[in-house]
Amino acid sequence: MGEEEEKEMKWFSAEKAKTGRASCKRCKEKIDVGSLRIAKLAPNPFGSGMMSNWHHPKCFFNSYLKAKATTRRLRCPEDELEGWDLLAEEHRVEIIALLGDERVAPSVDGPLAAPGKRPPPSNPDHKDHAFREFRRICAEISNTSAYTEKTAIVKNFLEKGTDG
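In this text, all values refer to a predicted model and were calculated from it rather than measured experimentally.

Let's shift gears to the packing of helix α5 (residues 131–142) against helix α6 (residues 147–160). Orientation of α5 relative to α6, taken along the N-to-C sense of each, is 160°, at an axis distance of 9 Å. Between α5 and α6, the interaxial angle falls into the category roughly antiparallel. Here the hand of the crossing between α5 and α6 comes out right-handed. Side by side, α5 and α6 meet where I137, E140 and I141 of the first sit next to K150, I153, V154 and F157 of the second.

To continue, consider the environment of S52. Looking at where S52 falls in the secondary structure, it is placed in strand β3 (residues 50–55). Given a relative accessible area of 31%, S52 falls into the partly exposed group. Sequence separation between S52 and A42 is 10 residues, and the spatial gap between their C-alpha atoms is 6.6 Å. Look past the residues within four positions of S52 in its chain and what remains in contact with it is A39, K40 and L41.

Our next topic: the confidence of the model for the protein chain. Put simply, the protein chain has an average pLDDT of 83, and 83% of its residues get 70 or more. Averaged pLDDT values for the elements of the protein chain fall to 56 in helix α1 (residues 3–8) and rise to 94 in strand β1 (residues 12–16). Long-range and interchain partners of residues 110–118, a stretch whose pLDDT sits below 50, account for 11 contacts in this model, where long-range means more than four residues apart.

One finds F61, L81 and I95 to be the most contacted residues of the largest nonpolar core, which totals 16 residues. Of all the elements in the fold, those that place two or more residues in this core are β1, β2 (36–43), α2 (57–62) and α4 (89–99). The greatest single-element share of this core, amounting to three residues, is contributed by β2. Setting aside residues no more than four positions away along its own chain, I95 makes contact with A14, L36, I38, F61, P77, L81, W84 and L87. If you look at the next biggest cluster of nonpolar residues, it comprises seven residues, including A17, C24, A39 and W54.

Taken together, the buried positions of α4 are occupied by H91, I95 and L99. Across the axial projection of α4, the buried residues extend over an arc of 80°, all falling on one side. Away from its buried face, by an angle of more than 90 degrees, α4 presents the exposed residues E89, E90 and A97. On its buried side, α4 packs onto β1, β2, α2, α3 (77–80) and β4 (81–82). One or two steps after α4, the chain reaches G100, where phi turns positive at roughly 60°.

With that settled, consider the state of the cysteines. Scanning the model with the defined rule gives zero disulfides in all. Here C59 is not disulfide-linked; the sulfur of C24 is the nearest cysteine sulfur, at 3.7 Å. Judged by relative accessible area, C59 falls into the buried class, the value being 14%.

Here we take up the sheet that holds β4. Reading across the sheet, the four strands line up as β3-β2-β1-β4 and stay open at both edges, with mixed pairing between neighbours. Edge strands, defined here as strands with exactly one partner in the open sheet, are β3 and β4. Bridging between β1 and β2 involves five bridges; their strand directions are antiparallel. Directly across from K16, in β2, lies its bridge partner L36. Sitting on the sheet, α4 touches β1, β2 and β4, and the angle it makes with β2 is about 65°.

Calculation rules
Numbering of residues starts from 1 in each chain and follows the order in which that chain's sequence is written. Predicted model: local features are reported for residues with pLDDT of at least 70 only, side-chain atom pairs are reported and counted for 80 or more only, and whole-chain, interface and lining totals are derived from all residues. The side-chain quantities take in all heavy atoms of the structure and omit both hydrogens and water. Angles run from 0 to 180 degrees between N-to-C directions of axes, and those axes are lines fitted to C-alpha atoms, restricted for helices to the stretch in contact. Secondary structure follows DSSP: runs of H or I at least 4 residues long count as helices, runs of E at least 2 residues long count as strands, and numbering of each begins at the N terminus. Under this scheme an angle from 65 to 115 degrees is roughly perpendicular, one under 35 degrees roughly parallel, and one over 145 degrees roughly antiparallel; angles in between are oblique. Crossings are classed by handedness, with left-handed meaning an anticlockwise turn of the near helix from the far one by less than a right angle and right-handed meaning a clockwise turn. The contact criterion used is simple: two residues touch if any of their non-hydrogen atoms lie within 4.5 Å. Only protein chains enter the accessibility calculation, which uses a 1.4 Å probe. A residue is then buried if its area is under 20% of the maximum for its type, exposed if over 50%, and partly exposed in between. pLDDT expresses how confident the predictor is about each individual residue, on a scale running from 0 to 100. Residues belong to one nonpolar core when they are buried, are Ala, Val, Leu, Ile, Met, Phe, Trp, Tyr or Cys, and are joined through side-chain atoms within 4.5 Å. It is the directions from the helix axis to the C-beta atoms that the arc portrays. Sulfur atoms of two cysteines make up a disulfide when they are within 2.5 Å. Being paired, for any two strands, means DSSP has found at least two bridges between them.

Take a look at the structure:
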C-alpha cells in the first residue's frame, strides 16, 4: 500500500450488523442483527486487502484503555469512520458519547493525517537537518548524567530545533 493510499484510507468502519454471525473481537460475544458494530480495519493475513475486526461500540472504545500510545485511535468519526454518513442519528450520538473528551472536530480540508506522522520538513537544507547537528545533540546527551535532563535536551530540540 502506497503512502498516499494510506493517508486517504479510513482505518475504522461502522454499520448495523447484517447477519448476527460476527463476534466481538474483545468480549467474544455475538453481535446481534441490526445492532451497531464498529470495526478496526487491519491487513488481511490470509490474502490481499483489509480485514474488519468487529466490536460492540463499548468494547471498541474500552480496547483503548490498555492500548499502546502509538495505537491508531478513532478521534473524529466524521472524517475517520467509513459509513458514518449512512448511520442512523441514534448511532451517531452513541459513538460521539462514547468518544467523550477524545473527540476532535472534523477537518475542513479532508481526512485527518495518521497519528504520529509529521509533515515533511519545509527546508531540507536547514541546519536542523545536518548530520553535524545530530552528532552535537548526541554528544550533549552523552555528557549529561540525569535521565530527565537528557529527555529535556531531546524535547527542546524536537520542539524548537537549533534556534531554541
